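# Residue-level structural notes
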Amino acid sequence: MTTLNIDAAGVFADAHRMYGDALDRLDADDIRDAAEKAWCAAKRAADALILARTGSLPPRSPDTSRGLRRLAESDPNARTLHDRYFTRQALLHGECFYTGLCDPIDATERLIRETIDFIRDAERLADT
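This write-up is about the structure you can find in this document. (Residues numbered from 1 in each chain as written. Predicted model: local features only at pLDDT ≥ 70, side-chain atom pairs only at ≥ 80, totals over all residues. Heavy atoms only, no water.)

## Thoughts on the pattern of salt bridges
Where side chains of opposite charge bring their charged atoms close, a pairing between them can arise. This structure, assessed with the given rule, holds 13 salt bridges. Put simply, Arg17 and Asp14 hold a salt bridge, and the shortest N to O gap is 3.6 Å. Placement of the pair is Arg17 and Asp14 together in helix H1 (residues 8-27), with a separation of 3 residues, close to one helical turn. When its relative accessible area of 21% is taken as the criterion, Asp14 is described as partly exposed. For the salt bridge of Asp47 with Arg44, the shortest nitrogen-to-oxygen distance reads 3.4 Å. One end of the pair, Asp47, and the other, Arg44, are both in helix H2 (residues 31-54), 3 residues apart, so they sit about a helical turn from each other. Among the residues examined, Arg44 registers a relative accessible area of 23% and is labelled partly exposed. Salt bridges here are not isolated pairs; linked through shared partners, they connect Asp14, Arg17, Lys43, Arg44 and Asp47. (Salt bridge = Lys/Arg side-chain N within 4 Å of Asp/Glu carboxyl O. Helix = DSSP H or I, 4+ residues; strand = E, 2+ residues; numbered from the N terminus. Buried < 20%, exposed > 50% of the residue type's maximum accessible area, 1.4 Å probe, protein only.)

## What to know about the state of the cysteines
Enumeration over the complete set of coordinates arrives at 1 disulfide. One disulfide bridge connects Cys96 with Cys102, the sulfur atoms lying 1.9 Å from each other. Here the disulfide of Cys96 and Cys102 is right-handed, its torsion about the S-S bond being about 90°. Grouping residues by exposure puts Cys96 and Cys102 together as buried. The cysteine Cys40 is free of any disulfide, with Cys96 supplying the nearest cysteine sulfur at 13 Å. (Disulfide = S-S within 2.5 Å.)

## Topic: unusual backbone geometry
The omega torsion across Asp103 and Pro104 is -5°, close enough to zero to call that bond cis. Summarising the element assignment, Pro104 is placed in the loop between helix H4 (79-99) and helix H5 (105-113).

## Observations concerning the packing of aromatic side chains
To describe a pair of aromatic rings, one takes the distance between the centres and the angle between the planes. Applying the stated criterion across every chain yields a total of 3 aromatic pairs. Here the aromatic rings of Tyr85 and Phe86 are separated by 5.0 Å at their centres, their planes lie at 90°, and the arrangement is edge-to-face. Looking at Phe86, the relative accessible area reads 22%, which means it is partly exposed. Each ring, one from Phe97 and one from Tyr98, has its centre 5.2 Å from the other, and the planes form 75°; the classification is edge-to-face. Through a chain of ring-to-ring contacts, the aromatic side chains of Trp39, Tyr85 and Phe86 assemble into a single cluster. (Phe/Tyr/Trp six-rings, centres within 6.5 Å; stacked < 30°, edge-to-face > 60°.)

## Remarks on H5
Of the positions making up H5, those classed as buried are Thr108, Leu111 and Ile112. One side of H5 carries all its buried residues, which in axial view fall inside an arc of 100°. On its buried face, H5 is in contact with H1, H2, H4 and helix H6 (115-126). (Arc of directions from axis to C-beta. Contact = heavy atoms within 4.5 Å.)

Given below as structure tokens:
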């Protein structure tokens, strides 16, 4: 994979854009697509954190998962982010987007909206 001038700030900006897209999909009453976009935002934020901490952008989702697990093992502050990442992966990406099981809708919508907190916490951890 070729990476040209990719920095953590740019990847975090992408996460914020994806989060905005998720909110747009919620406004359009498309919970399923909103869930996927929120998952993508969380993944990009995790990618950016890993890039900031290691200097390497994970090329695939399993690499992001592994990288976040490693960070959580070495940094207690990253442990909660780790858990929140895998919750989004399972519920937003796996259950809601792929299988259409988005109920209870209130809980899914809350998880989507709280993704901004995930992004901000990843940004704070990237700065430490």
